[in-house]
Amino acid sequence: MELTRDPDVPVYLVADTSLLGGHREFGDQAEVRRLRGWVADGLVEEVDDADERVLELARKTSLPVITGDQYVDHRLEHPWIQGNAWQFLCGAHRPPENAFPRSERFRS
């Protein structure tokens, strides 16, 4: 709830242990420190292999999964993910609030 600011949105975050090294995935070490803090505070579950844990949670809960991973290596073992576009979603970066002049942001 803290991360979404909406008590009606269930969020369960899972991170690979390899992310905590932060050498490839993060350009800013402050992001690595933030992730480590979330793990320490219990907001993120840290596991050796996030793929398996995410697939387990998705199968058990039917909640949407927001990821850039297409789970290609897991499709034979988990055939229910093939074509499952309603549950597996890819996140998108939002442009900064000041990226466009206000008049252009609200044009219809």
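For every chain, the first residue of the written sequence is number 1, and numbering continues from 1 along that sequence. Side-chain atom pairs in this predicted model are given and counted only at pLDDT of 80 or more, local residue features only at pLDDT of at least 70, and totals for whole chains, interfaces and linings cover all residues. Neither water nor hydrogens contribute to the side-chain values; these are computed over all heavy atoms in the structure.

(A) A look at the overall build of the protein chain. Looking only at helices and strands, the protein chain has three helices and four strands in total. Its helices and strands in sequence order give the protein chain the pattern β-α-β-α-β-β-α, from N to C terminus. A 1.4 Å probe rolled over the protein chains alone gives each residue an accessible area, and that area as a share of the maximum for its type sets the label: buried under 20%, exposed over 50%, partly exposed in between. Among the 108 residues that make up the protein chain, the fraction classed as buried is 20%. For this analysis, residues touch if any pair of their heavy atoms sits within 4.5 Å. Long-range pairs, those at least 24 residues apart, make up 45% of the contacts in the protein chain with a sequence separation of at least 6. Total accessible area on the protein chain is roughly 8,500 Å²; 52% of this is exposed by carbon and sulfur atoms. For helices the rule is a DSSP run of H or I covering at least 4 residues; for strands it is a run of E covering at least 2, with both sets numbered from the N terminus onward. A 1.4 Å probe and the Shrake-Rupley method give the accessible areas. Residues count as covered only by the protein chains that appear here.

(B) Just the confidence of the model for the protein chain, in detail. On a scale of 0 to 100, pLDDT captures the predictor's confidence in every residue. Per-residue pLDDT for the protein chain has a mean of 81; in total, 78% of the residues score no lower than 70. Scored below 50 in pLDDT, residues 104-108 shows two contacts in the model against residues more than four places distant or in partner chains.

(C) Structural context of the packing of aromatic side chains. Working definition: rings of Phe, Tyr and Trp (its six-membered ring) pair if their centres are within 6.5 Å, and the pair is stacked with planes under 30 degrees apart, edge-to-face with planes over 60 apart, and tilted otherwise. Under the criterion given, the structure shown has two aromatic pairs. Considering the side-chain rings of Tyr71 and Phe88, the 5.8 Å spacing of their centres and the 65° angle between planes classify their relative orientation as edge-to-face. In this pair, Tyr71 sits in the loop between β3 (65-66) and β4 (88-89) while Phe88 sits in strand β4, placing the two residues 17 residues apart along the sequence. Side by side, Tyr71 and Phe88 carry an identical accessibility label, which is buried. Between Trp80 and Phe88, the aromatic rings sit 5.9 Å apart at their centres with planes inclined by 40°, giving tilted as the arrangement. A relative accessible area of 27% means that Trp80 is categorised as partly exposed. The structure contains a cluster of three or more aromatic residues connected by ring pairs, namely Tyr71, Trp80 and Phe88.

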